[in-house]
Amino acid sequence: MAARPPHFLFSTPRSMVVKTQHSIRFNHFLPSAIKSQREDDCAPPHEGLSSVAVGGVVALGKFDALHIGHRELAIQAAKVGVPFLLSFVGMAEVLGWEPRAPIVAKCDRKRVLSSWAPYCGDITPVEYELEFSKVRHLTPRQFVEMLSKKLGVRGVVAGENYRFGYKAAGNASELVKLAEEYGMGAYIINNVMDKNQYYGNMGSSNLKEQGQVSSTRVRLALAKGDMKYVSELLGRQHRLVVMVKDQEWLVCNQHRLSARKSCFLNLPPKEGLYESCSVLIGNDKNVVPCKVTIDACDIHLELHDAATCMRTISQDFQCLGIDFGESGA
């Protein structure tokens, strides 16, 4: 086999692709793949996957943080077709992992994916989920066969250290080989490396990484309160989503709003004071500058004036989105 090009390895029947200087594109895609971009937001992601993923190009991975490495997978998928992310749910429960808060709140994932559209040919990648318990025992061949025959996928994109199949028996090279057998294109892209390497001394033996951007690095940066570094890894500001189920949890004291940490829907940074933050009430159009303090039990938002505080608390809302600027704790 010829040496792999510096950015990706592509393998697919010649009849299915058209080569250009900058990209490789499938000749055609079924309309249902494009129509899927407008599916009902409330529909469970895993339902109807076999009908809407037909003709699409699926990025494979664990998309916890939706960081810049994950975004690169979506970008490569968009170069050859309609991009999809295929995620697995229930892995922690099946594998006995300790539960932990997600980096991106579930209700905020579509917003993040929408922000990737300018990188993906103005198409927002669609995320679909499969129950891990239903696919964990599939061999590498059975997994690829499922993608091809049951889901109608036309291509796959994965990172160079991607593992799949029962007990992670399959690697990237096998994915390329099997994809070709089943008439699918396969992109294997180089890892997106952490240019900062702030945590470059992390042991790779237990973290299964050697300096690439990863969800592990995002979690460590959040734990240190290094929001500038978090922003570099994510390609955006970190947003903490607070679900206020009972107005009693929200207290207005002149310039300050407070809520219990039990209301958090995703992972916050470490305790401390954060300057240059913004609170979003209801949608991205209602943005209020603030300072944020996180302590052992609560989060406190200090707004500019009491009038702004009163206008905020008087609105009928349940969710607060808090964007953290680059100032650390």
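In this report, we go over the structure that sits alongside the text. (Residues numbered from 1 in each chain as written. Predicted model: local features only at pLDDT ≥ 70, side-chain atom pairs only at ≥ 80, totals over all residues. Heavy atoms only, no water.)

Here's the deal with the overall build of the chain
And then number 1: Tallying secondary structure elements over the chain gives 12 helices and 15 strands in all.
And then number 2: Contacts spanning at least 24 positions in sequence make up 70% of the contacts within the chain whose residues lie at least 6 apart.
And then number 3: About 16,900 Å² of surface is accessible on the chain, with carbon and sulfur atoms providing 51% of the total. (Helix = DSSP H or I, 4+ residues; strand = E, 2+ residues; numbered from the N terminus. Contact = heavy atoms within 4.5 Å. Areas by Shrake-Rupley, 256 points an atom, 1.4 Å probe, with all protein chains shown as cover.)

Side note on the sheet that holds strand β13 (residues 287-294)
And then number 1: One open sheet holds the seven strands; their spatial order is β9-β15-β12-β13-β14-β11-β10, and the pairing between them is antiparallel. The open sheet has two edge strands, β9 (239-243) and β10 (251-253), and neither has a second partner. Taken over all neighbouring pairs, the strand axes of this sheet differ in orientation by 30° on average, direction set aside. (Pairing = 2+ DSSP bridges. Axes fitted to C-alpha atoms, helices over the stretch in contact; angles between N-to-C directions.)

Some details on the packing of helix α10 (residues 215-224) against helix α11 (residues 227-234)
And then number 1: The interhelical angle for the contact between α10 and α11, taken along N-to-C directions, is 160°, at an axis separation of 8 Å. With respect to each other, α10 and α11 are oriented roughly antiparallel. Helix-helix and strand crossings are classified by hand; for α10 and α11 the assignment is left-handed. Within the contact between the two elements, α10 uses R217, V218, A221 and L222 and α11 uses M227, Y229, V230, L233 and L234.
And then number 2: Considered class by class, the residues forming the contact of α10 with α11 number eight nonpolar, no polar and one charged. (Parallel < 35°, antiparallel > 145°, perpendicular 65-115°, else oblique. Left-handed = near helix turned anticlockwise from the far one by under 90°. Nonpolar A, V, L, I, M, F, W, Y, C, P; charged D, E, K, R; others polar.)

Quick notes on the pairing of β9
And then number 1: Here β9 lies mainly inside the structure; four of its five residues are buried.
And then number 2: The sheet contact formed by β9 and strand β15 (residues 319-323) spans five bridges and is antiparallel. Across the sheet, V241 pairs through a bridge with G321, a residue of β15. (Buried < 20%, exposed > 50% of the residue type's maximum accessible area, 1.4 Å probe, protein only.)

Brief notes about the packing of aromatic side chains
And then number 1: Taken as a whole and judged by the stated rule, the model has five aromatic pairs.
And then number 2: Here the aromatic residues F88, F143, Y162 and F164 are joined through ring pairs into a cluster of three or more.
And then number 3: When the ring centre of Y119 is taken as reference, the NZ or CZ atom of R71 above it lies at 4.2 Å. (Phe/Tyr/Trp six-rings, centres within 6.5 Å; stacked < 30°, edge-to-face > 60°. Lys NZ or Arg CZ within 6 Å of the ring centre and 35° of its normal.)

Considerations on α11
And then number 1: Counted residue by residue, α11 has six buried out of eight residues, so it is predominantly covered.
And then number 2: Buried residues of α11: M227, Y229, V230, S231, L233 and L234, and no others.
And then number 3: Buried residues belonging to α11 abut α3 (68-80), α10 and β12 (272-281).

As for unusual backbone geometry
And then number 1: Despite not being glycine, D122 has its phi angle at roughly 65°, a positive value.
And then number 2: Residue position: D122 is located in the loop between α5 (109-115) and β6 (126-131).
And then number 3: Residue D122 is classed as exposed on the basis of its relative accessible area of 66%.

With respect to the environment of R236
And then number 1: Residue placement: R236 occurs in the loop between α11 and β9.
And then number 2: Relative accessible area serves as the criterion here: at 15%, R236 is assigned to the buried category.
And then number 3: Residues R236 and G325, spaced 89 residues apart in sequence, show a C-alpha to C-alpha distance of 9.6 Å.
And then number 4: Excluding residues that lie within four positions of it along the chain, R236 makes contacts with A65, L66, V104, V112, V230 and S231.
And then number 5: Polar contacts involving the side chain of R236 include one to the main-chain carbonyl oxygen of L66, which spans 2.7 Å. (Polar contact = N/O pair within 3.5 Å; in protein donor to acceptor, adjacent residues only side chain to side chain.)

Section: the pairing of β13
And then number 1: Only one face of β13 is covered, namely the one carrying V288, C290, V292 and I294; the face carrying V287, P289, K291 and T293 has none of its residues buried.
And then number 2: Where β12 and β13 come together, seven bridges link them in antiparallel fashion. Note that in β13 the partner of Y274 across the bridge is V292.
And then number 3: In terms of strand pairing, β13 meets strand β14 (residues 298-302) through four bridges, oriented antiparallel. Of the residues in β14, the one forming a bridge with V292 is L301.

Things to note about the environment of I322
And then number 1: With respect to the element layout, I322 can be found in strand β15.
And then number 2: Judged by its relative accessible area of 0%, I322 falls in the buried class.
And then number 3: Spatially, the C-alpha atoms of I322 and I281 are 9.0 Å apart, while their sequence positions differ by 41 residues.
And then number 4: Apart from the residues lying within four places of it in its own chain, the contact partners of I322 are H238, R239, L240, V242, S278, V279, V292, I299 and L301.

Some remarks on the environment of S214
And then number 1: Following the sequence through the fold, S214 ends up in the loop between α9 (204-207) and α10.
And then number 2: The sequence separation of S214 and D64 amounts to 150 residues, and the corresponding C-alpha distance is 9.3 Å.

Some remarks on the pattern of salt bridges
And then number 1: Taken as a whole, this structure holds 13 salt bridges when the rule is applied.
And then number 2: Of the charged contacts in the structure, one is a salt bridge between E145 and K149, with a shortest N-O distance of 3.4 Å. Placement of both E145 and K149 in helix α7 (residues 140-150) is noted, with a separation of four residues, approximately one turn of the helix.
And then number 3: On the accessibility criterion, E145 (27% relative accessible area) is partly exposed.
And then number 4: Close ionic contact of D323 with R239 constitutes a salt bridge, the shortest N to O distance being 2.7 Å. Of this pair, D323 sits in strand β15 while R239 sits in strand β9, placing them 84 residues apart in sequence.
And then number 5: Each of D108, R111, R239 and D323 takes part in salt bridges that share partners, so that together they form one network. (Salt bridge = Lys/Arg side-chain N within 4 Å of Asp/Glu carboxyl O.)

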